Amino acid sequence: MSSPHELPLDTPILFLPCTEAFNGLTEKERLYAHHLSRASWWGAFVTFCQSSPEASDIFCLLTRLFRSQPLDSLKAQAVEKGVVTEDEFQSLLIYYSGLVYNCGNYLGFGDRKFVPTITREQLLALVKLSKAYLECSDKIIQFFNRAADRMYDLSDDKKFFGMPPNGITMYFSSNCTQKDAELCKEYMTDRNIEAWNTRLIKHEDGDKVLYDIRLASVENGPAEGITRKEDLFEGHSFTITRGDYSDVLKEVVKELALAKKYAANDNEVKMLDKYIESFTTGSIEAHKDGSTYWVKNKSPAVEVYTGFIEVYRDPSNQRAEFEAFVAMVNREQSKKFDTLVQKAEHEILPLLPWGKDFEEDVFMRPDFSSLDIMTFASSGLPIGINIPNYKDVKEEQGFKNVSLANVLSSRSGDKSAQFLSEEDIALREKFGSTSLEICVGLHELLGHGSGKFLRRKEDGSLNFDPATVKNPFTGGEVSFYESGENFQTKFTSLSSAYEECRAETVALYLCLNDDVLDIFNIPSEDKEDIKYMLWLDMFYAGIKGLEMYQPKQGQWGQAHSQARYAILQVGLEAGHGLVQVKETVGKDGLPDLLLTLDKSKIATVGKKAMGEFLRKLQVYRSMGDAKSGNEMFQRYSRVGDDGDYPFGKWHEIVTRKRRPRMILTMPNSRVQDGKVELVTYPAGAEGNVTSWVERFSPSEHDAIEDMLTQFMLTRNQARE
């Protein structure tokens, strides 16, 4: 790869299959899925607006270019005129595929900006010879002029997401600083306001500063219990307004209302009613109510969740990216997860090393399903999810775990690996898919689904007995979360990586139990190999995760990568030859690395080290002891140039051997004569581009251009 900020020609672009699962639906269920899918794809434009100032304009520019004429025709013209070569044209299709897959021009996994490999001048020349230019030159040139400079800008403060002036973020206006973010967090905590669906806009008028907390909603203007007029806090003025992404959310709401006609039961109707209310008014409480009905809707044929869900991309881990998925339940695959849920409370959770004082009093048995994804509109596809992320809903109503089966199988199709011996690569080819499935199941259900938060309830009482629950490290009293505080507000920017690390370590710890492996039908003769592979893959991911480390900024760009690197450091610190990383010379004569794991030490040295680490992770999390927890986690996250394992120096080796991440193309659905058809596409960039061109009608594409332009040009204007 010529640059870490370009997507190479060998980027794998695969189609995500779900036809068999879709064909298993009734016609009513297909209509339900169709309208939910449409709602999700409309919602993707919220995510574009949350990505970067230029992302929406780039989308409008390139989509207009590609929808104006067949791709082969455009390519033939461009190559014949000498504007680009065939490979350069292909590189632009790959760039666009990356743009729509990540819902922006920053990678969903790693937060790194990517730019076209063709030059600005080549892109302009391509635009000018296109049919799009002939049809409406003013429009497409307008998009080019707004997008081009920022599209290619790789200044240090534009390379990654982050808080200004060190990075780019759309969750704060560009004049906000870390100090402003902290002040806003304190205000919202004091007023018991949650930041999920908000942005912070700082209005400056001479010496006067007004902080505008802007809610996402269809409606504008004041609303009792939702918006606030100017509110003083510690000498600073705050206001809460609404109307962000209004035009886009209006389309989301329309499709949700159509989907409601085909809902299977009362829970689905009430769920959609509350989603509609939340997106219309800006109320997070309405979305929590919708999430409650979603949790109660057990094992539906069509699964959907939509809203402002994950906080990974907000520099302060408070504000969430819009996300929506639609999927069909794979009932056969779900059976093993049902068994895992049944055994969790009494047989598996007691195995965890922190004791009952720091575990939930009652395990809220979740619905754990294996899903085949039809639509996933966000900045990338995970392989497993534990939601909702509202801790109060989880504690009072429960949660759901989902394993994304078709995504998992697509990911596990890539058996390539660096930094491993030939023997380990062969073993990974044999057991990698199975071990990954086990890891996802344990991570989501027993990782994210375990552990108690010691807190003061709204009535002033505590959810634990302070006379008996003591700090196991000091023997003294425990700290706890006061009303209005939560894990994100206490652990702030490290909260996501810390929680992912805890969940991954739970998977490592529990996979060593043979009874757990029995749930996944692992033959006795394969159990030790599966344990070995799960641990090896985790340490391997710790090395690969260095790709997501930003040396100049001294920070991590991806929570999961930071988490796995920290786990690798725990393994190395354990010593006794458990895990080792050595610098070697590769076949190309350049420096390389070799990771080795002593299989015989996993159940002894490894289990002891991970158990102690996991206990600290959970106890600090339970007590809201962000000082101790973050100090420990930052120590294990440090990337240094010294010692036996100079990962700061080895960062160059890892990034040099980086391989492109997979892009997945998803189907469309359309209604013909009252029947829903699933439209599939071939693998490759052309299929991906076509899927997005066909996702909306020409008039809808025109409307998308108008609504995105309107939002981006007015996004930071003052509102009542």
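Residues numbered from 1 in each chain as written. Predicted model: local features only at pLDDT ≥ 70, side-chain atom pairs only at ≥ 80, totals over all residues. Heavy atoms only, no water.

The secondary structure content of the chain amounts to 26 helices and 17 strands. Computed over its C-alpha atoms, the radius of gyration of the chain comes to 25 Å, within 12% of the 27 Å expected for a compact globule of 720 residues. The principal-axis extent of the C-alpha atoms belonging to the chain is close to 75 × 65 × 60 Å. Looking at the chain residue by residue over its 720 residues, the buried ones come to 61%. Partitioning the intrachain contacts of the chain with sequence separation of at least 6 by distance along the chain shows that 75% fall at a separation of at least 24. In the form shown here, the chain has an accessible surface area of approximately 27,700 Å², with 47% of it arising from carbon and sulfur atoms. Side chains of the chain carry 86 positive and 108 negative charges; the gap between the two charge centres is 0 Å. (Helix = DSSP H or I, 4+ residues; strand = E, 2+ residues; numbered from the N terminus. Rg over C-alpha atoms; globule rule 2.2 N^0.38 Å. Buried < 20%, exposed > 50% of the residue type's maximum accessible area, 1.4 Å probe, protein only. Contact = heavy atoms within 4.5 Å. Areas by Shrake-Rupley, 256 points an atom, 1.4 Å probe, with all protein chains shown as cover. Lys, Arg positive; Asp, Glu negative; His and termini not counted. Charge placed at Lys NZ, Arg CZ, Asp CG, Glu CD.)

The biggest cluster of nonpolar side chains holds 125 residues, and the ones touching the most others in it are Phe45, Phe59, Leu62, Phe66 and Ile373. For this core, the element with the highest residue contribution is helix 2 (residues 27-51), accounting for 12 residues. The next biggest cluster of nonpolar side chains, apart from the first, holds 93 residues, and it includes Phe487, Phe520, Tyr540 and Met632. (Core = buried A, V, L, I, M, F, W, Y, C linked by side-chain atoms within 4.5 Å.)

On to the side chain of Asp212. Among the secondary structure elements, Asp212 is positioned in strand 3 (residues 208-216). Within polar-contact distance, the side chain of Asp212 engages the side chain of Arg214 at 2.6 Å. (Polar contact = N/O pair within 3.5 Å; in protein donor to acceptor, adjacent residues only side chain to side chain.)

Bringing the pairing of strand 13 (residues 579-585) into the picture now. Where strand 13 meets strand 14 (residues 591-597), seven bridges bridge the pair, whose relative direction is antiparallel. Directly across from Gln580, in strand 14, lies its bridge partner Thr596. With antiparallel pairing between neighbouring strands as the criterion, strand 13 and strand 14 make up a hairpin whose turn holds five residues, including Gly589 at a positive phi of roughly 85°. (Pairing = 2+ DSSP bridges.)

For the α-helix, the turn length of 3.6 residues means that residues three or four positions removed from each other point alike. For helix 26 (residues 698-714), which comprises 17 residues, the first-to-last C-alpha distance of 25 Å matches the rise-based estimate of 24 Å (1.5 Å per residue) to within 8%. By the burial criterion, the buried members of helix 26 are Glu700, His701, Ile704, Glu705, Met707, Leu708, Thr709, Phe711, Met712 and Thr714. (Expected span 1.5 Å × (residues − 1).)

What follows is about the packing of helix 4 (residues 71-80) against helix 5 (residues 86-101). Axis separation between helix 4 and helix 5 bottoms out at 9 Å; the angle between their running directions is 140°. Viewed along their axes, helix 4 and helix 5 adopt a mutual orientation that is oblique. As helix 4 packs across helix 5, the resulting crossing turns out to be right-handed. Of the residues in helix 5, those in contact with Leu71, Leu74, Lys75 and Val79 of helix 4 are Glu86, Phe89 and Leu93. In the contact of helix 4 with helix 5, the residues fall into five nonpolar, no polar and two charged. (Axes fitted to C-alpha atoms, helices over the stretch in contact; angles between N-to-C directions. Parallel < 35°, antiparallel > 145°, perpendicular 65-115°, else oblique. Left-handed = near helix turned anticlockwise from the far one by under 90°. Nonpolar A, V, L, I, M, F, W, Y, C, P; charged D, E, K, R; others polar.)

Further remarks concern the UniProt feature "active site" (unreviewed entry) in the chain. Using the residue numbers shown here, the UniProt feature "active site" (unreviewed entry) corresponds to Glu444. Mapped onto the elements of the fold, Glu444 is located in helix 16 (residues 422-447). You can call Glu444 buried: its relative accessible area is 6%. The contacts of Glu444, once residues within four sequence positions are left out, are Gly384, Ile385, Asn386, Asn401 and Gly449. (UniProt positions renumbered as here; feature names shortened; annotations may be inferred.)

Turning our eyes to something else, we now look at the sheet that holds strand 8 (residues 367-377). What the five strands build is an open sheet, ordered 6-7-8-10-9; its pairing is mixed. Every other strand in the sheet has two partners, leaving strand 6 (302-310) and strand 9 (384-387) as the edge strands with one partner each. Each strand of the sheet is rotated relative to its neighbour by a mean of 35°, with strand direction disregarded. Those strands touched by helix 2 are strand 6, strand 7 (321-329) and strand 8, and its axis lies near 160° from that of strand 7. Where helix 12 (residues 284-296) meets the sheet, it contacts strand 6, strand 9 and strand 10 (400-404), and its direction lies at approximately 150° from that of strand 6.

Attention shifts here to the environment of Gly586. Looking at the element boundaries, Gly586 is found in the loop between strand 13 and strand 14. Placed 167 residues apart in sequence, Gly586 and Phe419 show a C-alpha to C-alpha distance of 9.5 Å.

With that out of the way, let us pick up the environment of Gly355. Within the fold, Gly355 resides in the loop between helix 13 (331-348) and strand 8. By relative accessible area, which is 38% here, Gly355 ends up partly exposed. In this structure, the C-alpha to C-alpha distance between Gly355 and Asn297, residues 58 residues apart in sequence, is 32 Å.

As a further point, take the sheet that holds strand 2 (residues 198-205). Two modes of strand pairing occur in sheets, parallel and antiparallel, and in both the strands are linked by backbone hydrogen bonds. Taken in spatial order, the four strands line up as 2-3-5-4 in an open sheet, and their pairing is mixed. The sheet is open, and its two edges are formed by strand 2 and strand 4 (228-233), each paired on a single side. Taking each pair of neighbouring strands and ignoring which way they run, the sheet shows an average axis angle of 30°.

Moving on to the state of the cysteines. Simply put, the disulfide is a covalent bond whose two ends are the sulfur atoms of two cysteines. Under the definition given, this model contains zero disulfides. Its sulfur unpaired, Cys18 is 17 Å from the next cysteine sulfur, which belongs to Cys103. Relative accessible area serves as the criterion here: at 2%, Cys18 is assigned to the buried category. Not engaged in a disulfide, the cysteine Cys501 finds its nearest cysteine sulfur in Cys439; these two sulfurs lie 12 Å apart. (Disulfide = S-S within 2.5 Å.)

Looking now at empty space enclosed by the protein. Tallied over the full model, the rule gives six cavities of 30 Å³ or more. Lining the largest cavity are Trp41, Ser97, Val100, Tyr101, Leu664, Thr665, Met666, Asn688, Trp692 and Arg695. When residues of the lining of the largest cavity are traced back to their parent elements, those giving at least two are helix 5, strand 15 (663-665) and helix 25 (685-693). Ranked by residue count, the leading element in the lining of the largest cavity is helix 5, at three residues. In the lining of the largest cavity, the residues fall into six nonpolar, three polar and one charged. (1 Å grid on protein atoms, 1.4 Å probe; cavity = no way out; pocket = protein on both sides within 12 Å on 5 of 7 lines; lining within 4 Å. Points joined across faces, edges and corners; volume = space filled by probe spheres on them.)

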